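For reference, the chains in residue letters:
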Amino acid sequence: MSRVWLSLMLLVALTGCKDDPRRIENDNLGIAATFPGPPKLHRHTDPGPYGEVEWFDLAMSPAGRLDETFSVAVGNLPRGDKGGTTPREILTTFQNFLGYRFGAIQRTELAADKGPGFRYKAKGPNGGVIEGIVVVRRGRLHHVQAIVRKDHDPRTAALLDDFEVTTR
């Protein structure tokens, strides 16, 4: 019986872990991105450096992999000046927040037509790699992020290189 169970688990692991890339375009969130599989939409409100932010997340993790995630989160920034009022101030606040969460990050400014925003990379707590992009537009914070086990993961490149904020 245990051999049958082990064989079944091995079969599921071998067939269930294949990537199924999906280009997602969501006009309500104003984003487009290619995920390595079908993402799920979540809505939540979290306290943060700007106050209470209402977030809409499209996220997915490969089957059986709790240490890998691919997500795009769009947050409606609350009124007021907490965390900054200009895109530069808002982005600096978010960079500081990322630094608090992940430690040192490598930041690269986005091209003018993609931003205002930046791309970042950090080491994960378990030796993995965290990469993302942050863009501020029209009172919204757009944050795409991949957490993977190894550097130069093609799924990360597909998600980040294809990501775009479609609202101007």
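Let us now look at the nonpolar core. Grouped together as the largest cluster of nonpolar side chains are 20 residues, with contacts concentrated most on Ile31, Phe35, Phe70, Val72, Val144, Leu159 and Phe163. Among residues more than four places away in sequence, those in contact with Phe163 are Ile31, Ala32, Ala33, Val72, Ile133, Val135, His142 and Val144. Counting residues in each nonpolar core, the second largest holds 18 residues, with Leu77, Phe102, Ile105 and Leu141 among its members.

Further remarks concern the pairing of strand β2 (residues 31-35). By the criterion of burial, β2 is predominantly enclosed, with five of the five residues buried. Alternating positions in β2 separate into two faces, Ile31, Ala33 and Phe35 on one and Ala32 and Thr34 on the other, with burial throughout. When strand β1 (residues 22-26) meets β2, the two strands line up antiparallel, connected through five bridges. Residue pairing for β2: Arg23 is matched across the bridge by Thr34. Between the antiparallel neighbours β1 and β2 lie four residues, among them Gly30 with a positive phi of about 70°. Pairing analysis gives two bridges linking β2 to strand β10 (residues 164-165), with the strands arranged antiparallel. When the sheet's bridge partners are listed, Ala32 is paired in β10 with Glu164.

Cut-offs used in this document
Residues numbered from 1 in each chain as written. Predicted model: local features only at pLDDT ≥ 70, side-chain atom pairs only at ≥ 80, totals over all residues. Heavy atoms only, no water. Core = buried A, V, L, I, M, F, W, Y, C linked by side-chain atoms within 4.5 Å. Buried < 20%, exposed > 50% of the residue type's maximum accessible area, 1.4 Å probe, protein only. Contact = heavy atoms within 4.5 Å. Helix = DSSP H or I, 4+ residues; strand = E, 2+ residues; numbered from the N terminus. Pairing = 2+ DSSP bridges.

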